[in-house]
Amino acid sequence: MLYEWPGTDATLKPLLLLAHQDVVPVLPGTEAQWTRPPFGGQQAGGYLYGRGALDDKLNVLGQLEAVECLLRTGFRPRRTVLLAFGHDEETMGQRGAGALAALIGQRYPQLEMVLDEGGTIKTDGVAGIRQPVALVGISEKGYLSVVLSATGQGGHSSMPPPLTSVGRVAAAVARLEAAPFPARLDGGIGSTFTYLTPAVPIGQRLVFANQWLFGPLIIKKLAAAPATNAAVRTTTAPTIISGGAKDNVLPIAASATVNFRLLPGDSSAAVLRRVREIINDPLVQVRRLGAGQEASPVSRTDNAAFGTLHRTIKSVFPQALVAPYTVLGATDARTYAHLCPQATYRFSPLLMDQKAIDSMHGTNERLRTAAYRHVIQFYAALIRNMQ
Ligand SMILES: [Zn+2]
């Protein structure tokens, strides 16, 4: 669905707000664990229950209600406002966001800002800071799966060669896991630290403010846990391995699939090149699986669009700090990023702790009804502030 609210000044580049209508399924067998039916939209105890309450109906409905509120006040935008709601974000978004981005690109070759779901206002555990932190995605990681395969002679396992196809592929996987991609702070997390420096406890402040000196120390700490390790490097995840059919028969073919999530700055061509170098075995074939997705461009934080977004967040959530970051998963925004590479942001205007974030695709997904009011306020304020 594409809504166009024409501005009175056609020379201004439009504001594009994104959200997606589709939801992930409720896992069969878990329905009974929901305290309210997952598709009932029931309210109880200050919450609205339902699949999609957080991901991503709150943004679809929040944007529509904000526009309705503004219409009721007689507001007319100078800058055109576009609302684009895809229907297949959870399954790669090509028919929804892909088609919408192509159409919008034809009608509006330049956009002032694109805003999609993404970071939230995290109320616990960002770098030891007590204040809530509004994390605004300025980039997102890319996606590349690679298949490694080898073939052997087959035959009876009583007389094996020194290396079977299974052993060869296993060795290739082991070499990849033993040689992770280099960790670096310039893929997005460095700018998160720069923004948060004034707020962190005094001991950390010295470290955050001097990344040139303490970079290796920061990286070592971040690399120690999977969630933060993913923010500093292109990750390597062997996900499928197969080969052989019977315990006493030598395998003919063996293969493994490895999934890489590309940190901005690493292209899929460069990742493939490095994979071949590390495996260093001409008898292991390396090929891409599917088209994959390059890491997005990194949007700016020193432009007017980010300034307006920052100011709007502070006006609705005065207690929050604002910091840019790199989204580790994927959003529809990546499909639109080429229309507005300098100002494509990923942010959902909602206070959340880690437990609530984890519930997004889980059981008892629910939205605090009081928080929903802030979602509407935020979008109405953003549309006004972007004029
Ligand atoms: Zn979503």
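Residues numbered from 1 in each chain as written. Predicted model: local features only at pLDDT ≥ 70, side-chain atom pairs only at ≥ 80, totals over all residues. Heavy atoms only, no water.

Draft legend 1. Structural detail: the sheet that holds strand β3 (residues 43-44). What the three strands build is an open sheet, ordered β3-β4-β14; its pairing is antiparallel. Looking along the sheet, the strands with just one partner apiece sit at the ends: β3 and β14 (366-368). Along the sheet, helix α12 (residues 369-385) makes contact with β3, β4 (47-49) and β14, crossing β14 at roughly 75°. (Pairing = 2+ DSSP bridges. Helix = DSSP H or I, 4+ residues; strand = E, 2+ residues; numbered from the N terminus. Contact = heavy atoms within 4.5 Å. Axes fitted to C-alpha atoms, helices over the stretch in contact; angles between N-to-C directions.)

Draft legend 2. View of the domain arrangement of the chain. Considered domain by domain, the chain is made up of domain 1 (2-141 + 297-385) and domain 2 (143-293). Domain 1 and domain 2 are separated by 31 Å when their C-alpha centres are compared. Residue-level contacts link 23 residues of domain 1 with 24 residues of domain 2. In this structure, the connection of domain 1 to domain 2 is made through zero salt bridges. (Domains from an automatic or database assignment. Salt bridge = Lys/Arg side-chain N within 4 Å of Asp/Glu carboxyl O.)

Draft legend 3. How the structure looks around the nonpolar core. Ranked by internal contacts, the top residues of the largest apolar core, which has 60 residues, are Leu-115, Tyr-336 and Tyr-345. When residues no more than four places from it in sequence are discounted, the contact partners of Leu-115 are Leu-16, Leu-17, Leu-18, Leu-309, Tyr-345, Arg-346, Phe-347, Phe-378, Tyr-379 and Leu-382. Ranked by size, the runner-up nonpolar core spans 22 residues in total, among them Leu-148, Phe-260, Val-275 and Ala-295. (Core = buried A, V, L, I, M, F, W, Y, C linked by side-chain atoms within 4.5 Å. Buried < 20%, exposed > 50% of the residue type's maximum accessible area, 1.4 Å probe, protein only.)

Draft legend 4. A look at the pattern of salt bridges. With the rule as written, the count across this model stands at eleven salt bridges. Put simply, Glu-112 and Lys-13 hold a salt bridge, and the shortest N to O gap is 3.9 Å. Of the two residues, Glu-112 sits in the loop between α2 (94-107) and β6 (113-122) while Lys-13 sits in the loop between β1 (2-5) and β2 (15-20), which places them 99 residues apart along the sequence. Across the pair Asp-281 and Arg-168 runs a salt bridge whose closest N-O atoms are separated by 2.6 Å. Separated by 113 residues along the polypeptide, Asp-281 in the loop between α8 (268-279) and β11 (285-293) and Arg-168 in helix α3 (residues 165-178) bring together distant segments of the chain. Taking the relative accessible area as the measure of exposure, Asp-281 reaches 13% and is therefore buried. In this structure Arg-168 comes out as buried when scored by relative accessible area, which is 18%. Members of the salt-bridge network, linked through shared partners, are Lys-13, Arg-79 and Glu-112.

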